[in-house]
Amino acid sequence: MNKIPYGRHNITEEDIQAVVETLKSDFLTQGPRIQEFEDNFAKYIDCKYAVAVSNGTAALHLCAMALNVKPGDKVITTPITFVASANCVRYCGGEVVFADIDPTTYLLDINSVRALLEASPKGTYQGIIPVDFAGLAVNLEQFRKLADEYGLWIIEDACHAPGGYFHDSNNSEHLCGNGEYADLAIFSFHPVKHIACGEGGIVTTNDVTLYKELNKLRSHGITKEDNQYINSIEFATGGYEDEKEYPGWYMEMQELGYNYRITDFQAALGNSQLKRAESGLARRREIAAVYNKAFEGKSYILGQSGFVEGHAYHLYVIEVKERFNLYKYLRGKNIFAQIHYIPAHLMPYYRQFGWKEGDLPNAERYYTRCISIPMFPTLTDKEQEYVIETINSFYDE
Ligand SMILES: Cc1ncc(COP(=O)(O)O)c(C=O)c1O
């Protein structure tokens, strides 16, 4: 059997053509493909505005800036995530407070968050960053209620979950990142994600003020909108006091931003990939259903979160006995499983702030048992069968 990774991108001839066409066009960056991608993506996840950026980490950083995270601000997130979910707070000088995960869903546990909030005076915390880990949608209606009680903002890290959804208390379906409950949401277009741009990310929101702010911050804090200018027309023209309009070249840097732009050829790839997002997601769900059935009743399974409707299955995670030995055994059989994630609070960087073993027991136990097995749309039935058989053979079941 050829090498089977835990995740794999899928580039078609159509994708290549879309990139080549853009490379031959007038715009390599700051051109029409970006707006097109933003519009298409916003439509796909059912929100009003989207701002495409250079990667998911940049998206998180811009969100933290747009929400005005300052030195000393405290923000709550989950330890079972890629470190970028937490790091964005540090970029702005804020303090990351990790809360424990729910041991059955592996998502940020709302009760653990509530306990933190209740233990301190109101105003101690500024925001929450829940993560739709593995593709399982966080119930943001519940988080919104809690956040409103304490005056907090919410950034939804939806990197794993384009197309994922949950049902609210009225049984309405909410797609991850739709902007209904979170102030801002972010996605990544790293190759292992549902939609690949090479590198790429996007922020989604229904809030027009935040949308405009993100646009500005993405490009050095510069605005080119006449009605937002601070300097006078006379200054802008170079002393023409009777002029009624700002000259065509004029722009203003009004705050400190970054160059976090995505290129047009990356956006073209994103646009092309987006056309297959639905079919890719359907295939992921099909693969998950086969895994779910295969692992039912197996004594080596200690936990799995794959049964929930609306799961987008960026990852397929199981908790197993003898995880390390299974991992090595699978590698010997050309199956390259992965571990998601090493708890962020126990990374050496975060230990320096006092985080230590025993602080978040659910996340720490999960880490000793979790393994992400192959999950990507082009995984064949035969390959999946081989993965299941190999796992069963390791446990003699
Ligand atoms: C949950 C989560 N958040 C943030 C990121 C950061 O995205 P990027 O790699 O595009 O910077 C990733 C991607 O690896 C992720 O998985």
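Structure: above.
Now for a description of the structure that goes with this document. Sequence order as written defines residue numbering, which begins from 1 separately in each chain. In keeping with the predicted nature of the model, local features appear solely for residues at pLDDT of at least 70, side-chain atom pairs appear and are counted solely at 80 or more, and the whole-chain, interface and lining totals rest on all residues. The side-chain quantities take in all heavy atoms of the structure and omit both hydrogens and water.

**Overview of the nonpolar core**
Line of reasoning, step 1. In this description, a nonpolar core means a group of buried Ala, Val, Leu, Ile, Met, Phe, Trp, Tyr and Cys residues linked to one another through side-chain atoms lying within 4.5 Å. A simple rule labels every residue: compare its accessible area, found with a 1.4 Å probe on the protein chains alone, to the largest value its type can have, and call it buried under 20%, exposed over 50%, or partly exposed in between. In terms of nonpolar packing, the biggest core is built from 124 residues, with F133 and I371 touching the most fellow members.
Line of reasoning, step 2. Working rule for contacts: check all heavy atoms of both residues, and any pair within 4.5 Å makes them a contact. Apart from the residues within four sequence positions on either side, I371 is in contact with Y316, V317, I318, V320, R323, L326, Y327, L330, A337, Q338 and I339.
Line of reasoning, step 3. Counting five residues, the second largest nonpolar core, distinct from the first, contains Y229, A236, Y246 and Y250.

**Description of the state of the cysteines**
Line of reasoning, step 1. Two cysteine sulfur atoms make up a disulfide if the distance between them is within 2.5 Å. Using the criterion set out here, one finds zero disulfides in the structure.
Line of reasoning, step 2. In this structure C88 is not part of a disulfide, and its nearest cysteine sulfur, from C92, lies 7.3 Å away.
Line of reasoning, step 3. Free of any disulfide, C197 has its nearest neighbouring cysteine sulfur in C159, separated by 12 Å.
Line of reasoning, step 4. Since its relative accessible area comes to 4%, C197 is described here as buried.

**Thoughts on the site of the ligand**
Line of reasoning, step 1. The environment of the ligand is formed by 16 residues, the closest being G56, T57, D157, H160 and S188.
Line of reasoning, step 2. Any pair of nitrogen or oxygen atoms within 3.5 Å is treated as a polar contact; in protein, a donor-acceptor pairing is required on top of that, and neighbouring residues in sequence qualify only through side-chain atoms on both sides. Between the ligand and T57 there is a distance of 2.5 Å, counted from an oxygen atom to a side-chain nitrogen or oxygen.
Line of reasoning, step 3. Note that an oxygen atom of the ligand is positioned 2.8 Å from one of the side-chain N or O atoms of H160.
Line of reasoning, step 4. For the accessible areas, the method is Shrake-Rupley and the probe is 1.4 Å, while residue cover comes only from the protein chains on display. Protein chains shield 92% of the accessible area of the ligand, which is 390 Å² for the free molecule.
Line of reasoning, step 5. Counting residues per element, the ones that place at least two in the shell around the ligand are α3 (56–66) and α4 (84–91).
Line of reasoning, step 6. Secondary structure counts use DSSP, requiring at least four H or I residues in a row for a helix and at least two E residues in a row for a strand, with both numbered from the N terminus. In terms of residue count, α3 provides more of the shell around the ligand than any other element does, three residues in total.
Line of reasoning, step 7. Under this grouping Gly is polar, as are all residues other than the nonpolar Ala, Val, Leu, Ile, Met, Phe, Trp, Tyr, Cys and Pro and the charged Asp, Glu, Lys and Arg. By residue class, the composition of the shell around the ligand is six nonpolar, eight polar and two charged. Here a residue counts as near a molecule or strand whenever at least one of its heavy atoms sits within 4 Å of it.

**So, the packing of aromatic side chains**
Line of reasoning, step 1. A pair of Phe, Tyr and Trp rings is counted when the ring centres sit within 6.5 Å of each other, with Trp represented by its six-membered ring. The angle between the planes then sorts it: under 30 degrees is stacked, over 60 is edge-to-face, the rest tilted. Applying the stated rule across the entire model yields 28 aromatic pairs.
Line of reasoning, step 2. Both rings, one in F98 and one in W355, keep their centres 5.4 Å apart while their planes meet at 80°; by these two values the pair is edge-to-face. Pair noted here: F98 is in strand β4 (residues 95–98) and W355 is in the loop between α12 (348–351) and α13 (361–369), with a separation of 257 residues, a long-range link. Here the two residues F98 and W355 agree in accessibility, since each one is buried.
Line of reasoning, step 3. Three or more aromatic residues joined by ring pairs form one cluster here, namely Y291, F295, Y300, Y313, Y316, Y329, F394 and Y395.
Line of reasoning, step 4. Geometrically, a charge over a ring is one whose NZ (Lys) or CZ (Arg) sits within 6 Å of the ring centre while staying within 35 degrees of the ring normal. One residue, R323, lies across the ring of Y367, its end atom 5.3 Å from the ring centre.

**Quick word on helix α9 (residues 264–274)**
Line of reasoning, step 1. Counting buried positions along α9 gives 10 out of 11 residues, so the element sits mostly inside the fold.
Line of reasoning, step 2. Restricting attention to buried positions, one finds in α9 the residues D264, Q266, A267, A268, L269, G270, N271, S272, Q273 and L274.
Line of reasoning, step 3. Where α9 is buried, its residues meet α1 (13–23), α2 (32–45) and α10 (277–295).

**Description of the sheet that holds strand β14 (residues 316–320)**
Line of reasoning, step 1. Pairing between strands requires that DSSP locate at least two bridges from one strand to the other. The strand order β13-β14-β16 describes an open sheet built from three strands, whose pairing is antiparallel. Each edge of the open sheet is held by one strand with a lone partner, namely β13 (301–304) and β16 (370–373). Direction aside, the axes of adjacent strands within the sheet are offset by 35° on average.
Line of reasoning, step 2. By the bridge criterion, four bridges tie β14 to β16 in an arrangement that is antiparallel. To define axes, lines are fitted to C-alpha atoms, for helices over the stretch in contact only, and angles between the resulting N-to-C directions are given on a 0 to 180 degree scale.

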